[in-house]
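In case you want the letters, here they are:
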There are 2 protein chains.
Amino acid sequence: MTERRVVITDVGPRDGLQNQQKILSVEERIALVKAIAAAGVPQIEIGSFVSPKAVPAMAATEEVFAGLANAGFTTPTLALIPNMKGYELARAAGAKTVTMVLYASEGMAQENAAMSMAEAEAITLDILALAKQDNVDVIATIAVAFTCPFDGPTEPFIVTRLVNKFLQAGADQVVLADTIGAAHPQQVRDLCTTLVNSHGAERLGCHFHDTRAMGLANVYAALESGIRRFDSSIAGLGGCPFAPGASGNVATDDIAMMLQQMGFDTGIDLKKLMQASDLAQKFTGSAPGGRAKAWLQGSLAKQVS
Amino acid sequence: MTERRVVITDVGPRDGLQNQQKILSVEERIALVKAIAAAGVPQIEIGSFVSPKAVPAMAATEEVFAGLANAGFTTPTLALIPNMKGYELARAAGAKTVTMVLYASEGMAQENAAMSMAEAEAITLDILALAKQDNVDVIATIAVAFTCPFDGPTEPFIVTRLVNKFLQAGADQVVLADTIGAAHPQQVRDLCTTLVNSHGAERLGCHFHDTRAMGLANVYAALESGIRRFDSSIAGLGGCPFAPGASGNVATDDIAMMLQQMGFDTGIDLKKLMQASDLAQKFTGSAPGGRAKAWLQGSLAKQVS
């Protein structure tokens, strides 16, 4: 990964769709994932193996895996898992990379997963050990890494401890998640700089929501700190069903445009990305659509895109 | 001005209202200006002295000045003027600070003001000379300082030349305007760093639109370069009647929340600012409202504002 290469993981088919009123069919989910891949997005989180009662939109994620495998799909895919049962389901479905969630607050751990921070750590360590044997990659995402809706601002030492522990334990990536979109750029800059200085940027990522119009400001702050991996969501789909006040993820549409303008290499074709964004809006009926699209499809596109 | 002090100029009553379908009454305009001032915003652009045929929403700006003077209003106010006639009207109305527009492209100068870049410079120099005698402050705002909808990306040397010339000529401030919201953070960082290194930050400001979700990212980039003066617009009102594709200014609601969270001193009371934002939305029926409000008025306000 060069300094000008930025790796986007589109989490819309998971973090986005789980928060929409409308539940998409397996065929629609597959079509959306294919459209995102066709635009050159290098990694896509295509679903989760959680209780279908708790998150009905993510039921049948194994069928999404199967459908993509049958179609010869080659873009790296991720699945979110909450626990060992989820890991086993993901492995059985053919997942090569799984995302586990760690918590930087007890309040969020309880509300989101009905466990303690320590229990989430223990489960993730168990899964990491198994995954090494299975040749499955593990991404550890630290929820509420900046601020928690229940416990308030997160102390940086809680996050740095988790990052140290899970990078040492062999996590392939650790992602700092601003779960509810409450981080501000100075906070991002300070925490990311500390972490990049200690660990380098190769295995660190950030996941921002745009709840308060600071999404891309936080991305820029992280970029300035050396971070080169970001989660984002096609058409700005997103939120969190268990985090009050969270709105959509940073739109892949918008982050891709900003990175391209700043001279970073994302491998993404903006025109094709807008087609994927259109599809997300069509399927869900409620995706906000990002801001880049109006711009790219408007009268200014030729002159100043 | 200390390093932690940031001066916001709310341009909503001018840059915002001139772009709304609905034309506000003089009484509504005065009430909005008062509400913004009551929230502690230190400077407000309350109107312009332009042709009422071209910009009907700005007719009777002299009555807004008179109404505020009669009410003993003390917050510094600004008026935009396009030419010497506008200057004379502004001075007659009692304006203590006027904003003149310079152009960083010939295309925008022609479309917006039917003059050349050089003509706009000459007029501004004439007004500067007169204003010195009259003890009136002059802000020179450089339109399309980053990108022009007609001529494409702006060469930085065009902007640095204008900044040098007008600071030397005695302009009280020079503001870099991203008129259509097409700047990206690296561009902002590079240009602002160059200018702050040459001139210091005291008399420099930035004016961003949030057309492509990069508004606050650009503000953060400018802050990092040392800039401490920003234009923004209550409730995200804005646009430009002569610049295709321009959407609202950065919302004062959002920039004030970000700056407060980052530890800057703006003097703004966020709760009162939301009342001003509510009023802007009520009067116009179309102000987007910023993103901070949903947050501050939502269930998370107590925990993580």
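Our subject is the structure that appears above.
Criteria and thresholds
Residues numbered from 1 in each chain as written. Chains lettered and ligands numbered in written order. Predicted model: local features only at pLDDT ≥ 70, side-chain atom pairs only at ≥ 80, totals over all residues. Heavy atoms only, no water. Helix = DSSP H or I, 4+ residues; strand = E, 2+ residues; numbered from the N terminus. Rg over C-alpha atoms; globule rule 2.2 N^0.38 Å. Buried < 20%, exposed > 50% of the residue type's maximum accessible area, 1.4 Å probe, protein only. Contact = heavy atoms within 4.5 Å. Areas by Shrake-Rupley, 256 points an atom, 1.4 Å probe, with all protein chains shown as cover. Lys, Arg positive; Asp, Glu negative; His and termini not counted. Charge placed at Lys NZ, Arg CZ, Asp CG, Glu CD. Buried area = accessible area lost by both parts, 1.4 Å probe. Salt bridge = Lys/Arg side-chain N within 4 Å of Asp/Glu carboxyl O. Polar contact = N/O pair within 3.5 Å; in protein donor to acceptor, adjacent residues only side chain to side chain. Nonpolar A, V, L, I, M, F, W, Y, C, P; charged D, E, K, R; others polar. Pairing = 2+ DSSP bridges. Axes fitted to C-alpha atoms, helices over the stretch in contact; angles between N-to-C directions. Least-squares fit on C-alpha atoms with pLDDT ≥ 70 in both. Phe/Tyr/Trp six-rings, centres within 6.5 Å; stacked < 30°, edge-to-face > 60°. Disulfide = S-S within 2.5 Å.

Asks: Sorry, what's going on with the overall build of chain A here?
Replies: Within chain A one finds 13 helices and 10 strands. Taking 305 residues into account, the globule formula puts the C-alpha radius of gyration at 19 Å, and chain A, at 18 Å, falls close to it. Across the 305 residues that make up chain A, the buried fraction comes to 61%. The contacts in chain A between residues at least 6 apart in sequence include a share of 73% that link residues at least 24 apart. Accessible surface computed for chain A: about 10900 Å², of which carbon and sulfur atoms make up 50%. With 24 positive and 30 negative side-chain charges, chain A shows a separation of 6 Å between the mean positions of the two kinds.

Asks: Explain the interface of chain A and chain B here, please?
Replies: How big an interface is tends to be stated in terms of the accessible area lost upon association of its parts. With 38 residues of chain A in contact, the opposing surface of chain B contributes 38 residues. Both sides together, the interface formed by chain A and chain B hides about 3100 Å², and carbon and sulfur atoms give 61% of it. In terms of surface lost to chain B, no three residues of chain A exceed Arg212, Tyr220 and Arg291 of chain A, which account for 20% of the buried area on that side. In this structure, the connection of chain A to chain B is made through two salt bridges. We note a salt bridge from glutamate 224 of chain B to arginine 189 of chain A, for which the minimum N-O separation is 2.7 Å. Our count for the contact surface shared by chain A and chain B stands at eight residue pairs in polar contact (both at pLDDT 80 or more). Residue assignment for the side of chain A that touches chain B shows that the elements contributing at least two residues are strand E6 (147–148), strand E7 (152–153), helix H8 (185–199), helix H9 (215–224), helix H10 (252–261) and helix H13 (301–304) of chain A. With five residues, the single largest contributor to the side of chain A that touches chain B is H9 of chain A. In terms of residue class, the side of chain A that touches chain B is made up of 21 nonpolar, 11 polar and six charged.

Asks: Teacher, can you tell me more about the sheet that holds strand E2 (residues 43–48) of chain B here?
Replies: The pairing of strands in a sheet happens through backbone hydrogen bonds and is either parallel or antiparallel. Residue and element names in this part refer to chain B. Ordered in space as E1-E2-E3-E4-E5-E8-E9-E10, the eight strands form a closed barrel in which the pairing is parallel. Averaged over all adjacent pairs, the angle separating strand axes in this sheet is 30°, with direction ignored. Where strand E4 (residues 97–103) meets strand E5 (residues 137–143), seven bridges bridge the pair, whose relative direction is parallel. Bridge pairing in E5 places threonine 97 opposite aspartate 137. In this fold helix H2 (residues 26–38) packs onto strand E1 (7–10) and E2, with an angle of close to 165° to the strand it touches most, E2. Helix-sheet contacts for helix H9 (residues 215–224) involve strand E8 (173–178), strand E9 (204–208) and strand E10 (229–232), and the interaxial angle to E9 is about 165°.

Asks: Help me understand the relation of the copies chain A and chain B, please; the structure alone is not making it clear to me.
Replies: Here two copies of a chain appear, and what relates them is a rotation about an axis with a shift along it. With an RMSD of 0.0 Å, the operation that places chain A on chain B is a rotation of 180° combined with a shift of 0.0 Å along the axis. Seen this way, the second copy is the image of the first under a two-fold rotation axis. If distances are taken from each C-alpha of chain A to the rotation axis, the shortest is found for alanine 217 of chain A, at 1.8 Å.

Asks: What's the story with the pairing of E5 of chain B in this structure? I'm lost.
Replies: A regular strand carries its side chains on alternate faces of the sheet. All names here are of chain B. Along E5, six of the seven residues are buried, which leaves the element largely enclosed by surrounding structure. Two elements, E5 and E8, share four bridges in a ladder whose sense is parallel. When the sheet's bridge partners are listed, alanine 140 is paired in E8 with valine 174.

Asks: Teacher, can you tell me more about the sheet that holds strand E3 (residues 77–81) of chain A here?
Replies: Residues and elements named next belong to chain A. The eight strands are arranged E1-E2-E3-E4-E5-E8-E9-E10 in a closed barrel whose pairing can be described as parallel. Neighbouring strand axes in the sheet, compared pairwise and without regard to direction, differ in orientation by 30° on average. Judged from the five bridges that link them, strand E8 (residues 173–178) and strand E9 (residues 204–208) form a sheet pairing that is parallel. From the neighbouring strand, valine 175 faces E9, where its bridge partner is glycine 205. Sheet strands touched by helix H2 (residues 26–38): strand E1 (7–10) and strand E2 (43–48). Its angle to E2, the strand with the most contacts, is close to 165°.

Asks: Any chance you could explain the packing of aromatic side chains here in plain terms?
Replies: Pairs of aromatic rings are described using the distance from one ring centre to the other and the angle between the two planes. All names here are of chain A. For the structure on display, the rule yields five aromatic pairs over all chains. Taking 6.0 Å as the distance between ring centres and 35° as the angle between the ring planes, the aromatic pair formed by phenylalanine 146 and phenylalanine 208 counts as tilted. Of the two residues, phenylalanine 146 sits in the loop between strand E5 (137–143) and E6 while phenylalanine 208 sits in strand E9, which places them 62 residues apart along the sequence. For phenylalanine 146, a relative accessible area of 1% corresponds to the buried category.

Asks: Would you mind going over the state of the cysteines with me for this structure?
Replies: Residues and elements named next belong to chain A. One pass over the full model with this rule turns up zero disulfides over all chains. Cysteine 206 provides the cysteine sulfur closest to cysteine 192, a residue in no disulfide bond, and the two sulfurs are 3.7 Å apart. Taking relative accessible area as the criterion, cysteine 192 reaches 0% and is therefore assigned buried.

Asks: Teacher, can you tell me more about H9 of chain A here?
Replies: For an α-helix, the turn length of 3.6 residues means that residues three or four places apart are oriented alike. Residues and elements named next belong to chain A. For H9, the tally of buried residues reaches nine of 10 residues, placing the bulk of the element in the interior. Within the sequence span of H9, burial applies to Gly215, Leu216, Ala217, Asn218, Val219, Tyr220, Ala221, Ala222 and Leu223. Two residues or fewer after H9 comes glycine 226, characterised by a positive phi angle close to 105°.

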